[in-house]
Amino acid sequence: MSLLTDLLNLNISDITEKVIAEYIWVGGSGMDVRSKARTLPGPVSDPSKLPKWNYDGSSTGQAPGEDSEVILYPQAIFRDPFRRGNNILVICDTYTPAGEPIPTNKRDKAAKIFSHPDVVAEEPWYGIEQEYTLLQKDVQWPIGWPLGGYPGPQGPYYCGAGADKAFGRDIVDSHYKACIYAGIDISGINGEVMPGQWEFQVGPTVGISAGDQLWAARYILERVTEIAGVVVSFDPKPIPGDWNGAGAHTNFSTKSMREDGGYEVIKKAIGKLGLRHKEHIAAYGEGNERRLTGRHETADIDTFVWGVANRGASIRVGRDTEKEAKGYFEDRRPASNMDPYVVTSMIAETTLLWKP
Ligand code: ADP
Ligand code: MN
Ligand code: MN
Ligand code: MN
């Protein structure tokens, strides 16, 4: 008799051309990733060659029971690190049967902004730093923390090593390699200030692909933590009090910012972001007011400040960018539970298309 792992590792391409495609979409809460699988007759590498599909939107809070069908449009393909071989993960967005994007489809509007000629010409790059917290499954308390109690104060944990400082590294590293396997531009990982909290970065990635890749990386993290029996939380302030919150700093540059004279372009863009601070904050994640307090390396939610190397600012410009007078900047406001389609496209819209 075979062990389950032997069957899981069966290489179906030994006997068939057929492949398994896992269709992934964002559900009704805006943070739940849902997926289901189907068999395809052969390998596919272009999403437009994949069939549309549907699901029961009344079970995901996305459609009424009497007219429940939501249609999945395949948009981006990644290698499947769980099934391997020619099997794939497919990031989809969601439409009514009449072809209208449903309200929770944030990708459709973002894709329109990213296909605007003025945006395309500027080749917008994004580097998203996704912070998250690992929780013990049954008690929803960070891993490595004593049950019903607290670890020692913050200080030794950020980028720390050792059994009393780094909790969950196997999960973090499995996710890291799985993302590289999938074809995601994951650029690094690190332990965070609050014990049990970690970060991975996706980027630099161009345009709409940043959102597709971040959602694929979040999906893979849900699957890796599922295997480990640990819960991933994207809450921006999972533990109240003197514990760092979780953000999704969004690093951004355009072609003109990366070229000589770029610092002037960066300063103009930051000026525009300041004028639209309220609108951006409203779109940067639920519960962000619990995180953006002006303490724990954040700026107060009602204040827009930018600065060089200032981690208490809304927007930070790196020393290298200042020195070379070109480069990129970091929007530190987005919460860990932000929607990358919303945040990336809004930054492009405000800095490239909006004429104040
Ligand atoms: P921090 O110093 O704030 O912790 P990180 O190193 O965690 O920053 O993340 C920075 C991210 O920005 C990385 O994903 C990196 O690839 C990305 N990045 C680097 N250069 C650019 C650029 N010119 N435009 C946009 N993103 C960039
Ligand atoms: Mn970082
Ligand atoms: Mn961080
Ligand atoms: Mn950062």
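These figures come from a predicted structure and were not determined experimentally.

Conventions and cut-offs
- Residues numbered from 1 in each chain as written.
- Chains lettered and ligands numbered in written order.
- Predicted model: local features only at pLDDT ≥ 70, side-chain atom pairs only at ≥ 80, totals over all residues.
- Heavy atoms only, no water.
- Donors = N, O, S within 2.8 Å, 3.2 Å for Na, K, Ca; no water.
- Helix = DSSP H or I, 4+ residues; strand = E, 2+ residues; numbered from the N terminus.
- Buried < 20%, exposed > 50% of the residue type's maximum accessible area, 1.4 Å probe, protein only.
- Near = heavy atom within 4 Å.
- Polar contact = N/O pair within 3.5 Å; in protein donor to acceptor, adjacent residues only side chain to side chain.
- Areas by Shrake-Rupley, 256 points an atom, 1.4 Å probe, with all protein chains shown as cover.
- Nonpolar A, V, L, I, M, F, W, Y, C, P; charged D, E, K, R; others polar.
- Contact = heavy atoms within 4.5 Å.
- Pairing = 2+ DSSP bridges.
- Axes fitted to C-alpha atoms, helices over the stretch in contact; angles between N-to-C directions.
- UniProt positions renumbered as here; feature names shortened; annotations may be inferred.
- Salt bridge = Lys/Arg side-chain N within 4 Å of Asp/Glu carboxyl O.

### Description of the coordination of the manganese ion (ligand 2)
Item 1. Taken together, the protein ligands of the manganese ion (ligand 2) are Glu-129 (OE) and Glu-199 (OE), with distances of 2.2 Å.
Item 2. The distance between the manganese ion (ligand 2) and the manganese ion (ligand 3) comes to 3.9 Å, with Glu-199 serving as a donor to both metals. Of this pair, Glu-129 sits in strand E6 (residues 125-136) while Glu-199 sits in strand E8 (residues 197-206), placing them 70 residues apart in sequence.
Item 3. Note on Glu-129: relative accessible area 14%, which makes it buried.
Item 4. A relative accessible area of 4% means that Glu-199 is categorised as buried.

### Describing the coordination of the manganese ion (ligand 3)
Item 1. With distances of 2.1 to 2.2 Å, the protein atoms coordinating the manganese ion (ligand 3) are Glu-131 (OE), Glu-192 (OE) and Glu-199 (OE).
Item 2. As a motif over one chain, the donors of the manganese ion (ligand 3) read E-x60-E-x6-E.
Item 3. For Glu-131, a relative accessible area of 9% puts it in the buried group.

### Section: the site of ligand 1
Item 1. In the vicinity of ligand 1 lie 16 residues, with Ser-187, Glu-199, Ser-253, Arg-316 and Glu-330 positioned nearest.
Item 2. Glu-199 places a side-chain nitrogen or oxygen 3.0 Å from an oxygen atom of ligand 1.
Item 3. Between ligand 1 and Pro-204 there is a distance of 3.4 Å, counted from an oxygen atom to a backbone nitrogen or oxygen.
Item 4. Surface burial for ligand 1 is 75%, taken as the share of its 580 Å² of free accessible area covered by protein chains.
Item 5. Going through the elements one at a time, E6, E8 and strand E10 (250-253) are the ones with two or more residues in the shell around ligand 1.
Item 6. Residue composition of the shell around ligand 1, by class: 5 nonpolar, 6 polar and 5 charged.

### Some words on the environment of Gln-140
Item 1. Tracing the backbone shows Gln-140 in the loop between E6 and helix H4 (169-182).
Item 2. The spacing of Gln-140 and Val-232 is 92 residues in sequence and 9.5 Å in space, taken between C-alpha atoms.
Item 3. In this structure Gln-140 touches Leu-135 and Val-231, once residues within four positions along its chain are discounted.
Item 4. There is a polar contact of 3.4 Å between the side chain of Gln-140 and the backbone oxygen of Lys-137.

### Quick look at the sheet that holds strand E4 (residues 69-79)
Item 1. The strand order across the open sheet formed by 5 strands is E2-E1-E5-E4-E3, and the pairing between neighbours is mixed. Each edge of the open sheet carries a strand with a single partner, namely strand E2 (33-40) and strand E3 (53-56). On average, each strand axis in the sheet is tilted by 40° relative to the strand beside it, whichever way the strands run.
Item 2. Summarising the sheet, strand E1 (residues 19-26) and E2 pair through 8 bridges and their orientation is antiparallel. Each residue of the ladder has a partner; that of Glu-22, found in E2, is Ala-37.

### Description of the UniProt feature "domain: GS catalytic" (unreviewed entry) in the chain
Item 1. Here the UniProt feature "domain: GS catalytic" (unreviewed entry) sits at residues 106-356.
Item 2. Along residues 106-356, the helical share is 37% and the strand share 18%, with 24 Å between the first and last C-alpha atoms.

### Section: the pattern of salt bridges
Item 1. Enumeration over the complete set of coordinates arrives at 18 salt bridges.
Item 2. Residue Glu-22 pairs with Arg-83 through a salt bridge whose shortest N-O separation is 2.8 Å. Here Glu-22, found in strand E1, pairs with Arg-83, found in the loop between E4 and strand E5 (88-95); they are 61 residues apart in sequence, far enough to count as distant.
Item 3. Owing to a relative accessible area of 30%, Arg-83 belongs among the partly exposed residues under this scheme.
Item 4. Notably, a salt bridge pairs Lys-112 with Asp-108, separated by 2.7 Å at the nearest N-O pair. Of this pair, Lys-112 and Asp-108 both sit in helix H2 (residues 107-114), 4 residues apart, which is roughly one turn of that helix.
Item 5. With relative accessibility at 54%, the residue Lys-112 sits in the exposed group.
Item 6. Judged by its relative accessible area of 16%, Asp-108 falls in the buried class.

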